[in-house]
Amino acid sequence: MLSGELHIGAAILEHGHRMLNLHRADTNRLALGHGLLDLDVVIMALYAVGYQRGDNYCSAEPLGAGGNPYAAMNLPPEPEPEPEPAAGV
């Protein structure tokens, strides 16, 4: 929605009555609040359209700071670094 809409809050205000399930994820695969998504605006817009009433659901992408599930699923594991030899040995 970030790249397709001029203002995410305005989009929610205009189309919020159609939404049943909102899945939130921040930009650049960062945890919520660590990317470009203005989470406060999203929450205020959801409240303004009455999203908290009824059978509406809101979920979040479960990523930690810097988490990238795609790399973990699709890339080979990084090799462990070799331990440095002890001094004087």
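Structure's up top.
Residues numbered from 1 in each chain as written. Predicted model: local features only at pLDDT ≥ 70, side-chain atom pairs only at ≥ 80, totals over all residues. Heavy atoms only, no water.

S.K.: Which residues make up the overall build of the protein chain, and what values do they have?
M.R.: Secondary structure summary: the protein chain contains 3 helices and 2 strands in total. In the protein chain, the succession of α and β elements from N to C terminus is α-β-α-β-α. In the protein chain, which comprises 89 residues, the proportion classed as buried is 22%. Across the protein chain, the fraction of contacts at a sequence separation of at least 24, relative to all contacts at a separation of at least 6, is 66%. Surface exposure of the protein chain reaches about 7000 Å², of which carbon and sulfur atoms provide 57%. (Helix = DSSP H or I, 4+ residues; strand = E, 2+ residues; numbered from the N terminus. Buried < 20%, exposed > 50% of the residue type's maximum accessible area, 1.4 Å probe, protein only. Contact = heavy atoms within 4.5 Å. Areas by Shrake-Rupley, 256 points an atom, 1.4 Å probe, with all protein chains shown as cover.)

S.K.: Tell me what's going on with the pairing of strand E1 (residues 21-24), and back it up with residues and numbers.
M.R.: The alternating pattern of E1 places Leu22 and Arg24 on a buried face and Asn21 and His23 on a face that is not buried. Here 4 bridges tie E1 to strand E2 (residues 57-60), and the two strands are oriented parallel to one another. For Arg24, the partnering residue across the bridge sits in E2 and is Ala60. (Pairing = 2+ DSSP bridges.)

S.K.: Give me the packing of helix H1 (residues 8-15) against helix H2 (residues 39-48): which residues, what numbers.
M.R.: Two packed helices can be described by the angle between their axes and the distance between those axes. It is at 9 Å that the axes of H1 and H2 come closest, and there the two elements cross at 15°. Judged by the angle between their axes, H1 and H2 are roughly parallel. Both H1 and H2 take part in a crossing whose hand is right-handed. Here H1 contributes Ile8, Gly9, Ile12 and Leu13 to the contact with H2, which in turn contributes Val41, Val42, Ala45, Leu46 and Ala48. (Axes fitted to C-alpha atoms, helices over the stretch in contact; angles between N-to-C directions. Parallel < 35°, antiparallel > 145°, perpendicular 65-115°, else oblique. Left-handed = near helix turned anticlockwise from the far one by under 90°.)

S.K.: A description of H2 should follow, citing residues and the corresponding values.
M.R.: Buried within H2 are the following residues: Val41, Val42, Ala45 and Leu46. Projection of H2 onto a plane perpendicular to its axis shows the buried side chains occupying an angular sector of 130°, all on one side. Turned more than 90 degrees away from the buried face of H2, the exposed residues are Asp40, Met44, Tyr47 and Ala48. Elements that come into contact with the buried residues of H2 comprise H1, E1 and E2. (Arc of directions from axis to C-beta.)

S.K.: Explain the nonpolar core residue by residue, including any values.
M.R.: In terms of nonpolar packing, the biggest core is built from 10 residues, these being Ile8, Ile12, Met19, Leu22, Leu37, Val41, Val42, Ala45, Leu46 and Tyr51. Listed by contribution, the elements that provide at least two residues to this core are H1 and H2. Residue contributions to this core peak at 4 residues, all from H2. (Core = buried A, V, L, I, M, F, W, Y, C linked by side-chain atoms within 4.5 Å.)

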